[in-house]
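Listed below are the residues making up each chain.
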Amino acid sequence: MAPHGTVSRSPPLVRPVMSSTITSRGSAPAPAAFSIEASAEYLGVSRSSIWRLIKAGTLPCVRLGGRTLLRRVDLDALLAHHVRAA
């Protein structure tokens, strides 16, 4: 019990994490879609390069809630298409 004049605080509530949302390594699953900025970082290119690929029709995008998103599978397919044999 807290002394007179002080506020007793309950410990913060912790939301349990469902086991289906955790990967085998214990981290959160990778996102299914990225923003323009996150896509550029994921591919290691500039944001303007991402926009050029979208405008050229090379990289499909999704407009959702006023945001432009790129699906991870499309980014991975773009990378796979540009792989060169060493």
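Here is what the cut-offs are and how they apply
- Residues numbered from 1 in each chain as written.
- Predicted model: local features only at pLDDT ≥ 70, side-chain atom pairs only at ≥ 80, totals over all residues.
- Heavy atoms only, no water.
- Salt bridge = Lys/Arg side-chain N within 4 Å of Asp/Glu carboxyl O.
- Buried < 20%, exposed > 50% of the residue type's maximum accessible area, 1.4 Å probe, protein only.
- Pairing = 2+ DSSP bridges.
- Helix = DSSP H or I, 4+ residues; strand = E, 2+ residues; numbered from the N terminus.
- Axes fitted to C-alpha atoms, helices over the stretch in contact; angles between N-to-C directions.
- Contact = heavy atoms within 4.5 Å.

Chemist: Before we move on, could you go through the pattern of salt bridges and cite the residues and values that matter?
Modeler: In the structure shown here, the tally under the stated rule is one salt bridge. The residue Asp-74 makes a salt bridge to Arg-71 at a minimum N-O spacing of 2.9 Å. The exposure class of Asp-74 is buried, given its relative accessible area of 15%. A relative accessible area of 40% means that Arg-71 is categorised as partly exposed.

Chemist: Any chance you could break down the sheet that holds strand E2 (residues 62-64) for me, citing the residues and the numbers?
Modeler: If you trace the three strands from one edge of the open sheet to the other, you get E1-E3-E2, paired in antiparallel fashion. In the strand order of this sheet, the two ends are held by strand E1 (33-35) and E2, each with one partner. Adjacent strand axes in the sheet meet at a mean angle of 45 degrees, parallel and antiparallel pairs treated alike. Across the sheet, helix H3 (residues 72-81) touches E1 and strand E3 (67-71), and the angle it forms with E3 is around 55 degrees.

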